[in-house]
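# Structural overview
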Amino acid sequence: MKRVLVISPSAVTQAGLANLIAQESEARAEPDRWQVISTMAQPFAAVREANCALVSWAADELPDLDRLLDENMPIVALLDDWGDVALTNLLQTGRVGLLPRQASGAEIVAALDAAAAGLIVIHPRVFGSLLTLDAALDRRDALEQPEALTPREVEVLTLLADGLSNRAIARQLHLSEHTIKYHTSAIFAKLNVSSRTEAAIAGARAGLILL
């Protein structure tokens, strides 16, 4: 008999999930069926002591994932808001099922069987949500990238990083000091820095100059 702990902040939801799993397990009439353990008290301790799998309804109800990684517990998470979940850590368990909250008893039990076998299962609906989330994160990262410097600003930044004063830079580039101050202000704004040292470091990190 395989045992599974069902966790939910709502006793009604917990009972409903437990009933779905129990009914599906009984319908399969398999000798090694899932036995549901429903408890809301000290979930991690219950999982560890029972040596069982875990079905969780809410992100904030998931036990410490680092401890689950150490214990190698199979996990099936039924969640709608994946932005609140440390997906990387969750997937690192290597024994996990990611399902929407509308998952059927058959889907939950199938995910439990797969997770117990050491597999990762992602429901098509969840997979689509993850792709959308990933695309949104890519767009956010793109927006957070510093604004590109012009060729002239790169020249000024290079000389600035070499320790030249505004006057020396102006002479070398045959520009006025006022123009160099303008370029320096633009460089600081684009790199989101407030000093020459910070600008040089940010420029080197961005691959614009060599230090």
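Model, not experiment: these values are computed from the prediction.

## Considering the packing of helix H7 (residues 151-161) against helix H10 (residues 196-205)
Two numbers describe how H7 lies on H10: the axes approach to 9 Å, and their chain directions differ by 115°. Read as a crossing pair, H7 and H10 show a hand that is left-handed. From H7, Leu-157, Leu-160 and Ala-161 reach across to H10, where they touch Arg-196, Ala-199, Ala-200 and Gly-203. Per-class residue counts for the contact of H7 with H10 are 5 nonpolar, 1 polar and 1 charged.

## A look at the side chain of Glu-153
Within the fold, Glu-153 resides in helix H7. Filtering out sequence-adjacent residues up to four positions away, Glu-153 remains in contact with Ala-148, His-183, Ala-186, Ile-187 and Lys-190.

## A short note on the nonpolar core
Core analysis: the biggest nonpolar cluster contains 16 residues, and Leu-157, Ile-169, Ile-187, Leu-191 and Ala-199 have the highest contact counts within it. Every element with two or more residues in this core is listed here: H7, helix H8 (166-173), helix H9 (177-191) and H10. Contact partners of Leu-191, with chain neighbours within four places excluded, come to Leu-157, Ala-199, Ala-202, Gly-203 and Leu-208. With 15 residues, the next largest nonpolar core counts Val-4, Leu-17, Leu-78 and Ile-108 among its residues.

## As for the pattern of salt bridges
In the structure shown here, the tally under the stated rule is 4 salt bridges. In this structure, the salt-bridge partner of Lys-2 is Asp-113, at a minimum N-O distance of 3.0 Å. A residue pair is termed long-range when its members are at least 10 positions apart, and Lys-2 in strand S1 (residues 2-7) and Asp-113 in helix H5 (residues 105-116) qualify at 111 residues.

## Digging into helix H1 (residues 11-28)
Under the 1.5 Å per step criterion, the end-to-end length of H1 is 26 Å for 18 residues, consistent within 8% with the ideal 26 Å. Two residues or fewer past H1, Ala-29 is found with a positive phi of approximately 55°.

## Topic: the environment of Ala-77
Assignment of secondary structure puts Ala-77 in strand S4 (residues 75-78). By relative accessible area, which is 1% here, Ala-77 ends up buried. Separated by 24 residues in the primary sequence, Ala-77 and Arg-101 have C-alpha atoms spaced 8.6 Å apart.

## As for the packing of H7 against H9
A pair of packed helices can be characterised by two numbers: the angle between their axes and the separation between those axes. Two numbers describe how H7 lies on H9: the axes approach to 10 Å, and their chain directions differ by 95°. By the criterion of interaxial angle, the relationship of H7 to H9 is roughly perpendicular. Of the residues in H9, those touching H7 at Arg-152, Glu-153, Val-156, Leu-157 and Leu-160 are Ile-180, His-183, Thr-184, Ala-186, Ile-187, Phe-188, Lys-190 and Leu-191. Classifying every residue of the contact of H7 with H9 gives 8 nonpolar, 2 polar and 3 charged.

## Digging into the environment of Gly-16
Tracing the sequence through the fold places Gly-16 in helix H1. Of the residues examined, Gly-16 reaches a relative accessible area of 31% and is grouped as partly exposed. Separated by 10 residues in sequence, Gly-16 and Val-6 have C-alpha atoms that sit 9.9 Å apart.

Criteria and thresholds
Residues numbered from 1 in each chain as written. Predicted model: local features only at pLDDT ≥ 70, side-chain atom pairs only at ≥ 80, totals over all residues. Heavy atoms only, no water. Axes fitted to C-alpha atoms, helices over the stretch in contact; angles between N-to-C directions. Helix = DSSP H or I, 4+ residues; strand = E, 2+ residues; numbered from the N terminus. Left-handed = near helix turned anticlockwise from the far one by under 90°. Contact = heavy atoms within 4.5 Å. Nonpolar A, V, L, I, M, F, W, Y, C, P; charged D, E, K, R; others polar. Core = buried A, V, L, I, M, F, W, Y, C linked by side-chain atoms within 4.5 Å. Buried < 20%, exposed > 50% of the residue type's maximum accessible area, 1.4 Å probe, protein only. Salt bridge = Lys/Arg side-chain N within 4 Å of Asp/Glu carboxyl O. Expected span 1.5 Å × (residues − 1). Parallel < 35°, antiparallel > 145°, perpendicular 65-115°, else oblique.

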